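Structure at a glance
Spelled out, the chains give:
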Amino acid sequence: MKRRAVVVCPGRGTYNKAELGYVGRHHAAKPDFLSAIDSYRRDQGQPTVSELDGAERFSPSTHVRGDNAAALIFASACGDFLDIDREAFEVVAVTGNSMGWYIALACAGATSMLGGIQVVNTMGTLMHQHLIGGQLLYPVSDEEWRPDPALRAQVLTELARIDALPGCEAALSIDLGGLLALAGNEAGLAALEAALPPRDGRYPMRLPLHAAFHTALQEPVSVAGKAALPRELFTAPTIPLIDGRSHIWRPLESNPEALRDYTLGAQVTQPYHFARAIQTAVREFAPQVLIVPGPGTTLGGSIAQSLIAIGWHGLESRDDFVELQRTEPLVLAMAMEEQRAGAAKGYKR
C-alpha cells in the first residue's frame, strides 16, 4: 500500500558550499530536464545551472545571490521531486517555504516545469536587482524546540515598536514555527539587533544577500513580477497546494488568475506563515511522511517545531522528534543520502 506523503519544497539559503555539485550528482541522468533549464538561463544571458553547479569552488557572491540561487534550488528540488517513488508514495499535497512556493507551483502542476523556472528565475532576478532591505533570524522556542509564547510576544512587541520609530521599517517576514525571519530596512534591522537579547551565541543572525522578503518593502518587486509573468503560465494544480496563508488550492476548484495574483502579490508583500502551512498539511491530509526535496537539510528542524507546537503524533520535544525519526521517520530529507534512498526507492517499515 502506498504511503501518503506531503512534499515540502525548500527556499532560499539551502544551496551552500556543501551543496555544490548537487544537481550534477543527482540529476545528470535527466538531460531533457536540465537542458530546458539551462537553455532558458542561456537565453536570459545568465550562467546556466550546469555551469554554476559544476564550478570548481563555491563562491558566495555568485552562488548565494538571488538570481543564481533561485535557479540552482529550483533544479535541485524539482529534480528530486521527479525522483520520488510513486509506487511507494502517494503525494497528497505540496507546500513550500518562501521561495519554495514557486517550486511547489511546478511540482503540483500549477505551472509546467519550464513555466516554473520562468517564474522562479524572474522573481529571483528581480529580488537580486532590487535587493530592498534585509533579513535576520531569531528563535522563539527553547532548546527542546518547544514554543515560548512569552518570548514570541516580546519579539513581536519589539518589532512593532521599532517599526513605529522614525526612519525604521521592520516586519515579520517568515514564521518558521520556532524561528522567526524578521525583515526591514537597514535602520530597522540595526534597531532589532540592538533590542533583541543575544541567544545561543548566534542570534539575532543577519542573513547575507537576503532582502526584506514578504513585506510591504517588496511592492516594487511585486509590480515588476506582474508585468513580466503572463497569466498563461498558471493553471489549476493537479495536486493540492498549501500557500503561505495556509490556504489550500485544490484541483478543479482553483482559479488560475487568483493563483497568479496571490503568487505575485500577497505572497511577495505579506508575511509567509510556513509553520501554519505545515500544520494545515498534516491536519487536512493526514500524511504518513513529509518529503523534503534537496538541496540542504535545514527545513527538518522547522517542520519538527511546527509539529511540536500542535502535539502532532504526541510530539512534545526535540527528543521526541529525534526518537520518532529513529524508529519510524516522519520527515524524509532527500539531501540526506540515507533518507533519499527511502524517498526515491520506497521507505520500508
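Notes on the structure follow. As the structure is a prediction and not an experimental result, all values here were calculated from the model.

So, on to the sheet that holds strand 5 (residues 179-184). Taken together, the four strands give an open sheet; going across it, the order is 4-5-3-6, and neighbouring strands pair in antiparallel fashion. Single-partner strands in this sheet number two, and they are strand 4 (170-175) and strand 6 (205-207). Along the sheet, successive strands turn relative to each other by an average axial angle of 35°, direction set aside.

Time to look at the pairing of strand 2 (residues 89-96). Counting buried positions over the eight residues of strand 2 gives seven, a clear majority of the element. Two strands pair when backbone bridges link them, and strand 1 (residues 3-9) and strand 2 are joined in this way by seven bridges, in the parallel orientation. Paired with Val-6 across the two strands is Ala-93, which belongs to strand 2.

Turning next to the packing of aromatic side chains. We describe a pair of aromatic rings using the distance from one ring centre to the other and the angle between the two ring planes. Within the structure shown, the criterion is met by three aromatic pairs. Ring geometry for Trp-145 versus Phe-321: centroids 6.3 Å apart, planes at 50°, classification tilted. Residue Trp-145 is found in the loop between strand 3 (134-139) and helix 8 (149-163), and its partner Phe-321 is found in helix 15 (residues 318-327); the two are separated by 176 residues along the sequence. We classify Trp-145 as buried; its relative accessible area is 17%. According to the relative accessible area criterion, Phe-321 is buried, its value standing at 8%. Here the aromatic rings of Trp-249 and Tyr-262 are separated by 6.4 Å at their centres, their planes lie at 40°, and the arrangement is tilted. Of this pair, Trp-249 sits in strand 8 (residues 248-249) while Tyr-262 sits in helix 11 (residues 256-264), placing them 13 residues apart in sequence. The burial state of Trp-249 is the same as that of Tyr-262; both residues are buried. Site record: aromatic cluster; members linked through ring pairs are Trp-101, Trp-249 and Tyr-262.

Criteria and cut-off values
Residues numbered from 1 in each chain as written. Predicted model: local features only at pLDDT ≥ 70, side-chain atom pairs only at ≥ 80, totals over all residues. Heavy atoms only, no water. Pairing = 2+ DSSP bridges. Helix = DSSP H or I, 4+ residues; strand = E, 2+ residues; numbered from the N terminus. Axes fitted to C-alpha atoms, helices over the stretch in contact; angles between N-to-C directions. Buried < 20%, exposed > 50% of the residue type's maximum accessible area, 1.4 Å probe, protein only. Phe/Tyr/Trp six-rings, centres within 6.5 Å; stacked < 30°, edge-to-face > 60°.

Purely geometric stuff here, so don't read any function into it on its own.
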